[in-house]
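# Observations on the three-dimensional arrangement
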Amino acid sequence: MARQQQKALDHSRDLGTVTILHPYHPLYGQSFPILKIRKVDGQRRYSLRSQDDVFSVPESWTIDARQNLFFESYFDADTLRALLELSSLL
C-alpha cells in the first residue's frame, strides 16, 4: 500500500524555534517558530513564520533554540583535522 504524502501543515506538532545566525540575512538574530522541515538538494530547510510572512532558510543559517551553541560544531571532522594540521605548521 502506497504512503500518502502529507500536504497540509500539522499545527498540532511543535517543531521548535530557531534563530537566524547568517550575518547577512535581514532577519539576523531573530527567532521564529518552525512550521515545516524538508530536504532540498541534500540540505535541510526550515519553513519559518514571521509576523507578516512564511519563508524558508537552510538549516546551516540557523541555530535551534534548544541546541547548545558550545556543543555543536559548524565544521565537519575533516575540516577540523585540516585546521589543526594547518595550525601546527604556523
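Numbers given for residues are sequential positions, taken from 1 along each chain in its written order. Reporting of local features is limited, given that this is a predicted model, to residues whose pLDDT is at least 70; pairs of side-chain atoms are given and counted only at 80 or more, and all residues count toward the totals for whole chains, interfaces and linings. Values reported for side chains reflect all heavy atoms of the structure, with hydrogen atoms and water molecules removed beforehand.

Moving on, we come to the overall build of the protein. In this description a helix means any DSSP run of H or I spanning at least four residues, a strand means any run of E spanning at least two, and both kinds are numbered starting from the N terminus. Per the secondary structure count, the protein includes 1 helix and 5 strands. Across the protein, helices and strands are ordered from the amino to the carboxyl terminus as β-β-β-β-β-α. Residue contacts are counted whenever heavy atoms from the two residues lie within 4.5 Å of one another. Long-range pairs, those at least 24 residues apart, make up 31% of the contacts in the protein with a sequence separation of at least 6.

Inspection of the secondary structure puts T19 in strand β1 (residues 17–20). Three labels apply to residues, based on accessible area from a 1.4 Å probe with only protein chains included: buried if under 20% of the type maximum, exposed if over 50%, partly exposed otherwise in between. Judged by relative accessible area, T19 falls into the buried class, the value being 16%. If we ignore the near neighbours within four places in the chain, the residues touching T19 are G29, Q30, S31, W61, T62 and I63.

Turning our eyes to something else, we now look at the sheet that holds strand β5 (residues 62–64). Pairing between strands is defined by DSSP: at least two bridges between them are needed. Spatially, β4-β3-β2-β1-β5 is the arrangement adopted by the 5 strands of the open sheet, whose pairing is antiparallel. A single partner strand is all that each edge strand has here, and the edge strands are β4 (54–58) and β5. The mean angle between the axes of side-by-side strands here comes to 45 degrees, regardless of whether they run parallel or antiparallel. As judged from the 5 bridges shared by strand β3 (residues 43–49) and β4, these two strands associate in the antiparallel manner. The partner of R45 across the bridge, within β4, is P58. For every element, the axis is a line fit to its C-alpha atoms; helices are fit only across the contacting stretch, and the angle between N-to-C directions ranges from 0 to 180 degrees.

Residue D41 is not a glycine yet carries a positive backbone phi of 50 degrees. In this structure, D41 sits in the loop between β2 (31–40) and β3. Using a relative accessible area of 82% as the deciding quantity, one classes D41 as exposed.

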